[in-house]
Every structure is written in structure tokens, then in C-alpha cells.
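Observations on the three-dimensional arrangement
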Amino acid sequence: MAKGRKNGLYEGVSEELSALMRTGWADTERHDLEPAEQAPYAAARRVALSALFPGERLIVPSGNLKTRSNDDTYPFRPYSGYVHMTGDQARDGALVLEPRADGGHDAYCYQLPRDSRDNDEFWIGYTAELWMGRRRSLAEAETVLGLPCRDVRTITEDLAAGSGVPTRIVRGVDPALEAAVATDEERDIELEGALSDLRLVKDAWELGEMRKAVDSTVRGFTDCVAELSRAIASSERWIEGTFFRRARLEGNHVGYGSICAAGDHATIMHWTDNDGPVRPGELLLLDAGVETHSLYTADVTRTLPISGTFTPVQRQVYDAVYEAQEAGMAAVKPGAPYRDFHEASQRHLTARLVEWGFIEGPVDRAYALGLQRRFTMAGTGHMLGLDVHDCAQARTEEYVDGVLEPGMVLTVEPGLYFQPDDLTVPEEWRGIGVRIEDDLVVTEEGHENLSAGLPRSSAEVEAWMARFAG
Ligand code: GLY
Ligand code: MN
Ligand code: MN
């Protein structure tokens, strides 16, 4: 909810100004719009959701703007379940599935319509189009989304009209709407879980978007290599800005805060300050992804020798991670338990760590006890899509305890991280962090590596840098 606005320099609006503002505007209703390419896919997703909850009303909000100060707001990001079910990105919206007697549902998309020019709302206030930009009219939204759209300002009355209907809402997205419906928390959590489950397998349109996200990301990585000398002359921020430019030019944004980690920052899993030096002789771990205009993101990591050539110890670590990634990727195929790729990678890294004398063997015992985690830290991957950690609320039996199916998109991203203050490893290993992360789609035959356009082996990385490094 918007906080009250204070300390504006204008105190009021004269009747004359109000009258002046209401007149002299052209009719800008658009009659040239076509249904979005995604519309039939979103319709099929709604049919799948409907089948899971016969006889129940389902509410999937998009979310609201959060005020930071006066009319300065935090960046808005629509709830991914709403985007998936509608193809829409509007704020203050909600998808409502109203149950029908035959067990199916009728879908309505509630939206904030255009502001009337017959009063002051279009130019005064937080949602005013004159300040925030033109919205779609309800008729325009209906055409683009391919489903009936209603004025969100009447949603609570509309919902009250059917107040006996068992209702579920996704919680934590639109607090005001949530407060207006009396629902059961556990049943609401099941709805959120179902929306996550339904994103596990991507449809053909989504796979096209994932390809676009990864292809832009590949170009963004090449940009960063081409600008390496400018990063050396400034800081990790140059890398962050270089990738960001590509993301904004070709897509909507970055899908998550870019990790531009040079030197021992590479051992910090979520290093996003990106304010450190970029020094030849050290490694640069770059973990970044372009998010498309439709909000699908890539999630790719490469670890680069800043001088262009790995030192012997850096190469030893890099090659172990590369082999672990190869082992993990080989386990990505339809019918394979989801956990297999993680186990394959982690076992490989455990064996190396035992061999190097950093953890005590035998390998099976070390792995069973999880001793490798001191140096591997994270799980080997995750589902990818509208969220970088996609489908996070999916049922465990469908996700980590499930099996891979064609159309699933996941990352395979083993790593080794030797902290700068780790006294259990030789000094020259300290401060080395290596991760290699690719985005794979499960196919009927096995998998396709969507990010194969970037080099992976240590020799390929060096050759690539020799060619592109600026
Ligand atoms: N960039 C976050 C991750 O790799 O999971
Ligand atoms: Mn990543
Ligand atoms: Mn990842």
C-alpha cells in the first residue's frame, strides 16, 4: 500500500486547473492489437491448473508496487505463477478461476484499467498514467491475453458475490486482496505448490524463450571478455555494467544480481557487491543471466583466468570441476532420478578432494558424511525458468525426489571453493573458486546444452580468451 505523500511543493488543485487537465485529449484506444503468441500456451496452462482444483475458486495475484519514499517505488516484479498462467506482467492484477458446475473453470484476468480523463486520477496519484506510463485498456488486454478482463477495483465485490465458494489464493503476493478473502493457509500453500509443479516441464513457447535468454547471455559473456582490460583498469563493476548493458538491450533485465567475482571473491557464492579489483594472475568467476522480455532467465557461469592462461593449480581445480560437470551432464536424461546429476558431480569432486588429501577417505565414507561440502558448498543445480531458482515451491516428490522429463530445464553447476582463510589447504590453493554452470533442457534422447555456445574446458576457455579478450 502506498504511504501518504508529504512535502510536495503544490498544495492543491484549482478547479480551473482540474477542468483544463480534463480536456483536449485524443482517443488513443488501440484497435490494431493481436493476441500474444503466448496466449494459447497460457490457456493450456490454465486448463492444467483447473483440472487440479475442480469446484474451487483460485486466485493468483500479480502483486503491487512497494513504496520506498513518496512516489519512488522499488522495481516491480510480477509473481511468476501469474505470469505463467496469463502471459501478463501487469501490476495490481489477479487471475481468478471461477469454478463451473461441469468441474472446469472460467478464467478472468483482473486488471487496473486505463485512467478516466473525466476526473483527476490520470494525472494525480501513485498509479496515474501521466506519471507511470500508459496502461492497456481492458479491451486491449482482452485481445492480447485472450481472456476476459475485468476492472480490479471491483474485485473484492465480485469475490464477495460468491462468498460460499471454496477459495484458494496464493499468499504473500497481494496483502490487501489476501485480507479480503477468508482462506485456509495449508490449502493456499497447495495452490502455490501446484503452480510451481506446473512450471517443471516447459512448453514449446517457453523453450524458445529459454533459448533467447541463453543466446543473449552468451553474447553478454563475450562482451565481458572483450572488455577485460577495462575491467582490469577499473573493477568488477565494469564487468557487471558490461553484462547489464547486453541484458537491457536484448532483454528485460538481468535475471538475478550478476556475480562478478575476481580473486578470492570467487569463493563467495553470492558475491554481488562487485566492487573489487580485477587482477591478472587471478580468476574471474562470472555468474550471470539475461532475462527476456517475457521474464525467462538464463543462469550461466564461467571461470576465466584474467591473464588468459590458468596457473597449474588453477588448472588442476578447473579441470576437476570440468570433469565433475561432464559426469553430472551425462546423468541428465529422461527417466533419470533428478538427484543423479548432483550425485555424479559431487562424487567426482569428493574423489578428487580425497586424492588431494583435503578430506579423509575412503570416498564412499566421505561422500556419505558430506565432507566434500566444505569445498563444494552448494547443490549441483536447480530448475530454471521464470525464476532463476524456478519451481521452488514444487512438491518434493515431483522435484528433487522426482525423475527428469523432456522439457525440463535445469542448471548443472559444480564448483570448488577454497576459502582465503582455510588453513587445511596449501597456501597457493587459498582464495581459488571455480564454478562452471550450463543450462540444459531434457530431450527425448537425453539433453541439449543450451549454453554450449560458450567454451567449457580449460583449453577452450584459453583459446576463446586469446581470440576475444580486449
Ligand atoms: N546464479 C545463482 C545460481 O547459480 O544458482
Ligand atoms: Mn548461476
Ligand atoms: Mn544456478
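First things first, this report covers the structure right here in the doc. (Residues numbered from 1 in each chain as written. Chains lettered and ligands numbered in written order. Predicted model: local features only at pLDDT ≥ 70, side-chain atom pairs only at ≥ 80, totals over all residues. Heavy atoms only, no water.)

Topic: the sheet that holds strand β10 (residues 283-288)
Hydrogen bonding along the main chain pairs the strands of a sheet, whether they run parallel or antiparallel. Strands sit in the order β9-β10-β12 across an open sheet of three strands; the sheet is antiparallel. The strands lining the two open edges of the sheet, one partner per strand, are β9 (259-262) and β12 (300-305). Adjacent strand axes in the sheet meet at a mean angle of 10°, parallel and antiparallel pairs treated alike. Pairing between β10 and β12: six bridges, direction antiparallel. Note that in β12 the partner of Leu283 across the bridge is Pro305. Its contacts with the sheet place helix α9 (residues 204-226) against β10 and β12, and it is angled at close to 20° to β12. Set on the sheet, helix α11 (residues 236-250) makes contact with β9 and β10; between it and β9 the angle comes to about 150°. (Pairing = 2+ DSSP bridges. Helix = DSSP H or I, 4+ residues; strand = E, 2+ residues; numbered from the N terminus. Axes fitted to C-alpha atoms, helices over the stretch in contact; angles between N-to-C directions. Contact = heavy atoms within 4.5 Å.)

Brief notes about the sheet that holds strand β16 (residues 438-442)
Strand order in this open sheet of three strands is β13-β16-β17, and the pairing throughout is antiparallel. Of all strands in the sheet, those bounded by a partner on one side alone are β13 (409-412) and β17 (447-449). Ignoring strand direction, the axes of neighbouring strands in this sheet form an average angle of 35°. Judged from the three bridges that link them, β16 and β17 form a sheet pairing that is antiparallel. Bridging across to β17, Leu440 finds its partner in Asn449.

Some remarks on the coordination of the manganese ion (ligand 3)
In a perfect tetrahedron of four donors around a metal, the angles come out at 109.5 degrees. In a perfect octahedron of six, they are 90 or 180 degrees. Here the manganese ion (ligand 3) is held by Asp299 (OD), His382 (NE2), Glu413 (OE) and Glu437 (OE), and the distances to it run 2.0 to 2.1 Å. What the six donor atoms of the manganese ion (ligand 3) show is an angle range of 52 to 156° at the metal, which sorts the shape as irregular. Mapping the donors of the manganese ion (ligand 3) onto the primary sequence gives the spacing D-x82-H-x30-E-x23-E. For Glu413, a relative accessible area of 13% translates into the label buried. (Donors = N, O, S within 2.8 Å, 3.2 Å for Na, K, Ca; no water. Tetrahedral: all angles 85-135°; square planar, octahedral: opposite > 155°, others 65-115°. Buried < 20%, exposed > 50% of the residue type's maximum accessible area, 1.4 Å probe, protein only.)

As for the coordination of the manganese ion (ligand 2)
Note on the manganese ion (ligand 2): its protein donors are Asp287 (OD), Asp287 (OD), Asp299 (OD) and Glu437 (OE). The metal-donor distances range over 2.0 to 2.3 Å. One can describe the donor arrangement at the manganese ion (ligand 2) as irregular, given that its six donor atoms subtend angles of 57 to 171° at the metal. Spacing between the donor residues of the manganese ion (ligand 2) along their common chain follows D-x11-D-x137-E. Separating the manganese ion (ligand 2) from the manganese ion (ligand 3) is a gap of 3.3 Å, bridged by Asp299, which donates to each. Of this pair, Asp287 sits in strand β10 while Asp299 sits in the loop between β11 (290-291) and β12, and the two are 12 residues apart along the sequence. Accessibility classification places Asp287 together with Asp299 in one group, the buried group.

Let's talk about the environment of Arg171
With respect to the secondary-structure elements, Arg171 resides in the loop between β7 (167-169) and α7 (175-180). The class for Arg171 is partly exposed, based on a relative accessible area of 28%. As for Arg171 and Pro61, which are separated by 110 residues in sequence, their C-alpha atoms are 8.7 Å apart. Setting aside chain neighbours within four positions, we find Arg171 in contact with Glu178, Thr183, Asp184, Glu185 and Asp188. Within the local environment of Arg171, its side chain forms a polar contact with the backbone oxygen of Thr183, the two atoms lying 2.9 Å apart. (Polar contact = N/O pair within 3.5 Å; in protein donor to acceptor, adjacent residues only side chain to side chain.)

What about the packing of aromatic side chains?
Evaluation of the coordinates by the stated rule reveals 14 aromatic pairs. Between Phe358 and Trp429 the ring centres are 4.9 Å apart and the planes differ by 85°, which places this aromatic pair in the edge-to-face class. Highlighted residues: Phe358 in the loop between α13 (339-355) and α14 (363-369) and Trp429 in the loop between β14 (415-417) and β15 (433-435), separated in sequence by 71 residues. The burial state of Phe358 is the same as that of Trp429; both residues are buried. Centroid distance Trp464 to Phe468: 6.4 Å. Interplanar angle 65°. Geometry classified as edge-to-face. With Trp464 and Phe468 both in helix α16 (residues 458-468) and four residues apart, this pair spans about one turn of that helix. The class of Phe468 is partly exposed, set by a relative accessible area of 29%. (Phe/Tyr/Trp six-rings, centres within 6.5 Å; stacked < 30°, edge-to-face > 60°.)

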